[in-house]
Amino acid sequence: SSAKPEPAQSASVQPSKATGAVTWKIQFLTSDKVLKDNAPELKGLKPVSYYKDGKTYKYTYGSAASTKELTADLKRVQKLFPEAFYVKFDANGNRLK
């Protein structure tokens, strides 16, 4: 048969760094266990999410394409958690260091 293989899909289908697929969040707490939404450790902060880094659960608040969009949130979170800081994630939700 003389059928030719189909051409590969264009690379533009893959998420690229140029599309701004990076997401910023505010990390404010780490724990060795998963906390419930109303856990006292969260000090009433909602909604929160977390990611696992090794054996540690790291809690985050907010989500934006730039740190500028999170400035007011960071100030508010730092009133409850003075050590809070920005963290960056890729399009797949992986922490970028």
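Scroll up for the structure.
Note that this is a predicted model, so its numbers are computed, not measured.

*Asks:* How should I be thinking about the environment of Thr 56 in this particular structure?
*Replies:* Along the chain, Thr 56 falls in strand β3 (residues 56–64). Residue class for Thr 56 comes out partly exposed when judged on its relative accessible area of 28%. When the C-alpha positions of Thr 56 and Ser 31 are compared, they lie 5.8 Å apart, and in sequence the two are 25 residues distant. Leaving out residues up to four positions away in the same chain, Thr 56 has contacts with Thr 30, Ser 31 and Tyr 51.

*Asks:* Help me out: how do you make sense of the pairing of strand β4 (residues 85–89) in this one?
*Replies:* Looking along a regular strand, one sees side chains alternate from face to face of the sheet. Relative to β4, strand β1 (residues 23–31) runs antiparallel, the two sharing 5 bridges. Looking at β4, one finds that Trp 24 is bridged to Lys 88. In the sheet, β4 pairs with strand β5 (residues 95–96) via 2 bridges, with the strands oriented antiparallel. If you follow Phe 89 over to β5, its bridge partner there is Arg 95. Hairpin connection, β4 to β5: the antiparallel pair is bridged by 5 residues, and Gly 93 has positive phi, about 85°.

*Asks:* Before we go on, may I ask you to explain the pattern of salt bridges in this structure?
*Replies:* Pairing of side chains with opposite charge becomes possible as their charged atoms draw close. A complete count under the given rule lists 3 salt bridges for this structure. Measuring nitrogen to oxygen at the nearest pair gives 2.8 Å for the salt bridge that ties Lys 58 to Asp 53. Its relative accessible area of 15% is what places Lys 58 among the buried residues. For Asp 53, a relative accessible area of 28% gives the class partly exposed. Between Asp 73 and Arg 76 there is a salt bridge, and its shortest N-O distance comes to 3.5 Å. Taken together, the residues span about one helical turn, with Asp 73 and Arg 76 both in helix α1 (residues 71–80) at a distance of 3 residues. Here Arg 76 falls in the partly exposed class, since its relative accessible area comes to 43%. Through salt bridges with shared partners, a single ionic network connects Asp 53, Lys 58 and Lys 97.

*Asks:* Could you clarify how one ought to interpret the packing of aromatic side chains in this entry?
*Replies:* Working definition: an aromatic ring pair is given by the centre-to-centre distance plus the angle between the planes. All told, the structure shown has 5 aromatic pairs when counted by the stated rule. With a centroid separation of 6.4 Å and 85° between ring planes, the pair formed by Trp 24 and Tyr 86 is classed as edge-to-face. Linking Trp 24 in strand β1 with Tyr 86 in strand β4, this pair joins segments that are 62 residues apart in sequence. On the basis of relative accessible area, Trp 24 is assigned to the partly exposed category, the value being 22%. Judged by its relative accessible area of 25%, Tyr 86 is partly exposed. Ring geometry for Phe 28 versus Phe 81: centroids 4.7 Å apart, planes at 50°, classification tilted. Highlighted residues: Phe 28 in strand β1 and Phe 81 in the loop between α1 and β4, separated in sequence by 53 residues. Comparing Phe 28 with Phe 81, the two get one shared label, buried. In textbook terms, an aromatic cluster arises when at least three aromatic residues are bridged by ring pairs, as seen for Tyr 50, Tyr 57 and Tyr 59. The positively charged end of Lys 25 is found above the aromatic ring belonging to Phe 89, 5.2 Å away from the centroid.

Cut-off values and rules
Residues numbered from 1 in each chain as written. Predicted model: local features only at pLDDT ≥ 70, side-chain atom pairs only at ≥ 80, totals over all residues. Heavy atoms only, no water. Helix = DSSP H or I, 4+ residues; strand = E, 2+ residues; numbered from the N terminus. Buried < 20%, exposed > 50% of the residue type's maximum accessible area, 1.4 Å probe, protein only. Contact = heavy atoms within 4.5 Å. Pairing = 2+ DSSP bridges. Salt bridge = Lys/Arg side-chain N within 4 Å of Asp/Glu carboxyl O. Phe/Tyr/Trp six-rings, centres within 6.5 Å; stacked < 30°, edge-to-face > 60°. Lys NZ or Arg CZ within 6 Å of the ring centre and 35° of its normal.

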